[in-house]
Amino acid sequence: MNEFEDLLNSVNEVNPGDVVTAEVLTVDSEQANVVIEGTGIEGVLTLRELTNERDADINDYVKEGDTVEVLVLRQVVGKDTDTVTFLVSKKRLEARKAWDKLLGREGEVVTVKGTRAVKGGLSVEFEGLRGFIPASMLDTRFVRNTEKFVGQEIEAKIKEVDPAENRFILSRRDVVEEAAAKARKEVFSRLEEGAVVTGTVARLTSFGAFIDLGGVDGLVHVTELSHERNVSPKSVVSVGEEINVKVLAIDEEEGRISLSLKATTPGPWDGVEQKLAAGDVVEGKVKRLTDFGAFVEVLPGIDGLVHISQISHKRVEDPKDVLTVGQEVKVKVLDVNAEDERVSLSIKALEERPAPAEGDNKDDKRKSRPRRQKRQEKRDYELPETQTGFSMADLFGDIEL
């Protein structure tokens with residue numbers, strides 16, 4: 001009788017909101033049955049009150065004989081019996097502790113885990129506490145697909161903590177921007193104009209390629225991608241490719257770096273004198289037509305000019321009347337100027353001069369020319385002026401016959 005009274009006296013009162021220690025008695029697929037230490041009162045710890053993880057296995061969190069600290073939520077009365085138990089939660093106790101940890105920590109960076117993509121952003125977890133990162137605060141650029149962050153551990157800056165409103169807002173963008181600023185400063189400190197550096201192709205645009213130099217992107221303009229003209233960026237490089245580039249210009253204030261890929265590769269004009277010389281006959285392709293002639297590619301990246309006067313022995317009014325872009329032609333090299341990057345070519349030099357048409361010889365030409373009037377002999381006398389004319393006697397005087 002005394003032992004029974006001692007047992008009753010040892011039973012402590014349990015109320016919702018209490019933080020208690022409980023021992024796990026049994027575990028099934030959805031919940032664990034526990035007994036609150038020092039009371040003999042049983043409780044139920046469901047999988048939902050253990051973790052926010054979907055498709056979690058309860059056995060990964062508790063086992064028979066484990067001792068866990070839990071928060072008493074409410075009293076539960078059994079349906080078939082008058083047995084009274086309590087619903088307890090490990091997850092909510094951790095959340096309460098997390099709120100206490102977060103108070104006054106706005107501006108600090110913490111590690112959270114992406115749990116679910118929700119409308120307008122990403123739901124995250126911090127030590128059992130649910131937080132939210134708006135889509136506009138996930139990156140420096142707006143993120144439409146937030147699913148890619150689910151399951152990832154993310155460093156984010158605390159923006160707002162309000163336990164009363166259950167409001168916990170964070171920003172990953174702030175962390176990214178600060179890291180980028182630090183990396184930018186480091187990159188600019190070691191870059192020099194004229195230096196050749198290694199980078200990774202980050203993205204392609206119609207006007208060039210952006211190269212990641214280790215936290216800072218530099219631009220290779222389309223004109224600096226290749227020695228060839230009018231190339232498409234995607235035909236020269238691909239995203240993710242590692243390349244060597246030359247630093248052309250640095251503007252730290254504007255955060256701009258101009259790069260060149262073609263400056264790191266031999267140009268088509270390097271050593272051109274050993275490849276091409278005046279008098280050579282080569283085959284080429286018509287690349288461009290202009291009013292004054294045609295540009296023919298005779299070596300990769302080297303276009304020579306066939307002046308309109310060198311296209312044909314016949315008179316050519318417009319190069320388009322004789323040639324077409326893409327046409328294969330045979331040309332003779334007239335001159336090579338490597339310094340000015342110019343090559344003069346001729347097509348007509350390889351063609352036989354047409355024979356003169358009948359009646360088109362020199363004698364015929366001479367005959368066809370109008371004769372010049374003979375110059376009048378200079379007189380050594382002057383005719384007398386008269387009103388009525390003159391007679392023979394007046395002209396010859398007293399000449400005896």
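Residues numbered from 1 in each chain as written. Predicted model: local features only at pLDDT ≥ 70, side-chain atom pairs only at ≥ 80, totals over all residues. Heavy atoms only, no water.

As annotated in an unreviewed UniProt entry, the protein chain is 30S ribosomal protein S1 from Streptococcus chenjunshii. UniProt's Sequence similarities (unreviewed entry) comment on the protein chain is quoted here verbatim: "Belongs to the bacterial ribosomal protein bS1 family." (UniProt positions renumbered as here; feature names shortened; annotations may be inferred.)

**Some points on the nonpolar core**
Among soluble globular proteins, nonpolar side chains are generally buried collectively. Within the largest apolar cluster, 22 residues are counted, with the highest numbers of intra-cluster contacts made by Val298, Val331 and Leu345. Elements represented by at least two residues in this core include exactly strand E16 (281-290), strand E17 (293-299), strand E18 (302-307), strand E19 (328-337) and strand E20 (342-346). Leave out the neighbours within four places in its chain, and valine 298 touches Leu276, Val282, Glu283, Val331 and Leu345. (Core = buried A, V, L, I, M, F, W, Y, C linked by side-chain atoms within 4.5 Å. Buried < 20%, exposed > 50% of the residue type's maximum accessible area, 1.4 Å probe, protein only. Helix = DSSP H or I, 4+ residues; strand = E, 2+ residues; numbered from the N terminus. Contact = heavy atoms within 4.5 Å.)

**Some remarks on the sheet that holds strand E1 (residues 19-27)**
Backbone-to-backbone hydrogen bonds join strands into a sheet, with any given pair of strands oriented parallel or antiparallel. The five strands lie next to each other as E1-E2-E3-E5-E4, forming a closed barrel whose pairing is mixed. The mean inter-strand angle of the sheet, taken between neighbouring strand axes irrespective of direction, is 50°. Strand direction decides the pairing type here: E1 and strand E2 (residues 31-36), joined by five bridges, are antiparallel. Paired with valine 27 across the two strands is alanine 32, which belongs to E2. (Pairing = 2+ DSSP bridges. Axes fitted to C-alpha atoms, helices over the stretch in contact; angles between N-to-C directions.)

**Remarks on the layout of surface pockets**
Considering only enclosed or pocket space, the largest pocket measures out at about 590 Å³ in volume. Among the secondary structure elements, those contributing two or more residues to the lining of the largest pocket are helix H2 (91-102), strand E6 (109-118) and strand E8 (129-134). Of the residues forming the lining of the largest pocket, the biggest block, five residues, is contributed by H2. A breakdown of the residues in the lining of the largest pocket according to their chemical character gives six nonpolar, six polar and eight charged. (1 Å grid on protein atoms, 1.4 Å probe; cavity = no way out; pocket = protein on both sides within 12 Å on 5 of 7 lines; lining within 4 Å. Points joined across faces, edges and corners; volume = space filled by probe spheres on them. Nonpolar A, V, L, I, M, F, W, Y, C, P; charged D, E, K, R; others polar.)

**Section: the packing of aromatic side chains**
In this description, an aromatic ring pair is defined by two values, namely the gap between the centres and the angle between the planes. According to the stated counting rule, one finds four aromatic pairs in the structure shown. With a centroid separation of 6.1 Å and 85° between ring planes, the pair formed by phenylalanine 207 and phenylalanine 210 is classed as edge-to-face. Relative to phenylalanine 295, the ring of phenylalanine 292 has its centre 6.2 Å away and its plane inclined at 85°; by these criteria the two rings are edge-to-face. Pairwise contacts between aromatic rings join Trp99, Phe126 and Phe168 into one cluster. Lying over the aromatic face of phenylalanine 210, arginine 203 brings its terminal NZ or CZ to 4.1 Å of the ring centre. Note that arginine 288 overlies the ring of phenylalanine 295, its terminal NZ or CZ placed 4.2 Å from the centroid. (Phe/Tyr/Trp six-rings, centres within 6.5 Å; stacked < 30°, edge-to-face > 60°. Lys NZ or Arg CZ within 6 Å of the ring centre and 35° of its normal.)

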